Amino acid sequence: MLIAADKLTTLVERIFITSGASAAFAQEVATHLVAANLKGHDSHGIGMTPAYVHNIRTDLLKVAAEAKVIKDNGAVLVVDGQFGFGQVVGRQAMDIAIDRVQTTGVVCMGVRNCHHLGRIGTYAEHCAEAGLVSIHLVNVVGHDPQVSPWGGRDRRMTTNPFTCAVPRKDAPPVVLDMATSAVALGKVRVAYNAGTEVAEGALVDHEGAPTTNPAVMYEEPFGALGPFGKHKGYGLAVMCELLGGALAGEWTAQPENHRSHHIVNHMFSCVVDPAAFGGLDKFQYEVDAMVDYLHSTTPAKGFDKVRVPGEPERDSMADRMANGIPIDDNTWAGVMGAAEVVGLNEADINTLLE
Ligand code: NAD
């Protein structure tokens, strides 16, 4: 089915308000999730709602928690998300960095103990809107690992995203925002829900043999998701684990640490004011000239044009704003189940969707 973004936002917002969140926080989380759908990342869209509702009801996700500064050394900050909605505490942490960087030029920040931060590109885009460059390395803990190291078949990490955005003066930013697994786990979940296959090279079964069947991540005997880009993607995932997990969060995926149904993100963020480097005009000129140069590349066979990172999301957003967001039946059933669990009945839901 195709659903308009505003209707989905209203529904998901209501589910979180009924779960005990304030109207403002519920709106921020719902807007973030629907924006992920709009940008083509259904893995981080409204399909996360049942997991969030589960974690609210088991007190793993604290609906009223806010970001708290626990260390302030000027350009070095540590912020504790106190297991609040990642979408809220992550944005609050970025607001603190955006404010601080005006005097320090650069901020290195550890953002720890956030319930699922969702689409990390959101935080990089928030910094870019303020004219700032940012880099984010994130790990994911609180549950069993799903991603195997390069050369292994056992699960040792999760999908550890890496994100970097560069602002442009009169154009949208360049935003690289990616899981370091061969595909985001949520995309395997979307394929599993939709009864489709996952691209070759992403999954191995329990014997370490390549497979395209997403069931290996959800049904025993379990397989694993591999890293993207062989040893290089694996290496980047390790750095997300060490900087996001060990440095920022003091909590990596190693087995002495607590695991349950939790979804905890720790994020190492570096926020940079390009003006602090001195040549702001030249920086902006070079970024634009380089993007133009990349765009001028003759497309290879099978490609319509060359894009820079961030463009596929904008293309998707334009399409889905105009035509609606496609939601598969299982994902919809999950959201309806979450609505029911929090006490919304069919009539309430139909009214919200009118
Ligand atoms: P993806 O593979 O769809 O895209 C990765 C990057 O490549 C994007 O920046 C995109 O703009 C760029 N890209 C894609 N096609 C391109 C092309 N043709 N030309 C130029 N650039 C192109 O993304 P993904 O790896 O599946 O990650 C999906 C989302 O999952 C991300 O938003 C990430 O933050 C999120 N994520 C979150 C968590 C978490 O724990 N919170 C964990 C993993 C992933």
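Throughout this document, residue positions are counted from 1 along each chain, in the order its sequence is written. Only residues with pLDDT of 70 or above have their local features reported here, since the model is predicted, and side-chain atom pairs are shown and tallied only from 80 upward, although totals for entire chains, interfaces and linings are computed over all residues. Based on all heavy atoms of the structure, the side-chain values leave hydrogens and waters out of the count.

## Examining the site of the ligand
Step number 1: Residues in contact with the ligand amount to 23 residues; listed here are only the nearest, Asp177, Ala179, Lys187, Gly310 and Glu313.
Step number 2: N or O atoms closer than or at 3.5 Å make up a polar contact, with two conditions inside protein: a donor-capable atom paired with an acceptor-capable one, and, for residues adjacent in sequence, both atoms drawn from side chains. Between the ligand and histidine 44 there is a distance of 3.1 Å, counted from a nitrogen atom to a side-chain nitrogen or oxygen.
Step number 3: Between glutamate 313 and the ligand, the recorded distance is 2.6 Å, taken from a side-chain N or O atom to an oxygen atom.
Step number 4: Residue exposure ignores everything except the shown protein chains as possible cover, and the areas themselves are Shrake-Rupley values with a 1.4 Å probe. Summarising the interface, the protein chains cover 79% of the accessible area of the ligand, which totals 870 Å² for the free molecule.
Step number 5: With a 1 Å grid spanning the protein atoms alone, the term cavity applies to any set of points in which a 1.4 Å probe fits but cannot get out, the term pocket to an open set with protein on both sides within 12 Å along at least five of seven lines, and the term lining residue to any residue with an atom within 4 Å of a point. Being in a pocket or cavity means that more than half of the molecule's atoms lie within 2 Å of its grid points. Under a 2 Å grid-point criterion requiring more than half of the atoms, the pocket assigned to the ligand is the largest pocket.
Step number 6: Each helix corresponds to a stretch of at least 4 residues labelled H or I by DSSP, and each strand to a stretch of at least 2 residues labelled E; elements are numbered beginning at the N terminus. Listed by contribution, the elements that provide at least two residues to the shell around the ligand are strand S7 (174-178) and helix H9 (311-323).
Step number 7: In terms of residue count, the dominant contributor to the shell around the ligand is S7 (4 residues).
Step number 8: Split into classes, the residues belonging to the shell around the ligand amount to 11 nonpolar, 7 polar and 5 charged.
Step number 9: Domain boundaries shown here were taken from an automatic or database domain assignment. In this structure, the shell around the ligand is formed jointly by two domains, domain 1 (1-64 + 308-354) and domain 2 (67-181 + 226-277), each of which donates at least three residues. Near residues are defined by distance, with any heavy atom within 4 Å of the molecule or strand qualifying the residue. All residues other than Ala, Val, Leu, Ile, Met, Phe, Trp, Tyr, Cys, Pro, Asp, Glu, Lys and Arg, Gly among them, are scored as polar; the first ten of these are nonpolar and the last four charged.

## Description of the environment of glycine 201
Step number 1: Relative to the helices and strands, glycine 201 resides in the loop between helix H6 (185-194) and strand S8 (203-204).
Step number 2: Taking the C-alpha atoms as reference points, glycine 201 and glycine 121, separated by 80 residues in sequence, lie 25 Å from one another.

## Details of the pattern of salt bridges
Side chains carrying opposite charge are able to pair once their charged atoms draw close together.
Step number 1: Between Lys or Arg on one side and Asp or Glu on the other, a salt bridge is scored when a side-chain nitrogen of the former is within 4 Å of a carboxyl oxygen of the latter. This model, assessed by the stated rule, comprises 15 salt bridges.
Step number 2: Close ionic contact of glutamate 28 with arginine 91 constitutes a salt bridge, the shortest N to O distance being 2.6 Å. Of this pair, glutamate 28 sits in helix H2 (residues 23-38) while arginine 91 sits in helix H4 (residues 86-104), placing them 63 residues apart in sequence.
Step number 3: Accessible area is worked out with a 1.4 Å probe on protein chains only. A residue is then buried under 20% of its type maximum, exposed over 50%, and partly exposed in between. In this structure arginine 91 comes out as partly exposed when scored by relative accessible area, which is 23%.

## Description of the domain arrangement of the chain
Step number 1: What the domain assignment reports for the chain is domain 1 (1-64 + 308-354) and domain 2 (67-181 + 226-277).
Step number 2: Computed over C-alpha atoms only, the centres of domain 1 and domain 2 are separated by 23 Å.
Step number 3: With 26 residues of domain 1 at the contact, the number on the domain 2 side is 25 residues.
Step number 4: Each partner contributes to the roughly 2200 Å² buried at the junction of domain 1 and domain 2, and carbon and sulfur atoms together form 64% of this total.
Step number 5: Contact with domain 2 buries surface across domain 1, with Glu28, His32 and Leu60 losing the most and accounting together for 26% of the total.
Step number 6: Joining domain 1 to domain 2, the criterion identifies 12 residue pairs in polar contact (both at pLDDT 80 or more).
Step number 7: At the level of elements, H2, helix H3 (49-57) and H9 are the ones that each hand at least two residues to the side of domain 1 that touches domain 2.
Step number 8: For the side of domain 1 that touches domain 2, the leading source of residues is H2, giving 6 residues.
Step number 9: Partitioned by chemical class, the residues of the side of domain 1 that touches domain 2 number 15 nonpolar, 6 polar and 5 charged. It only takes one pair of heavy atoms within 4.5 Å for two residues to be counted as in contact. What gets called buried area is simply the loss in accessible area from a 1.4 Å probe that two parts show on being joined, summed for both.

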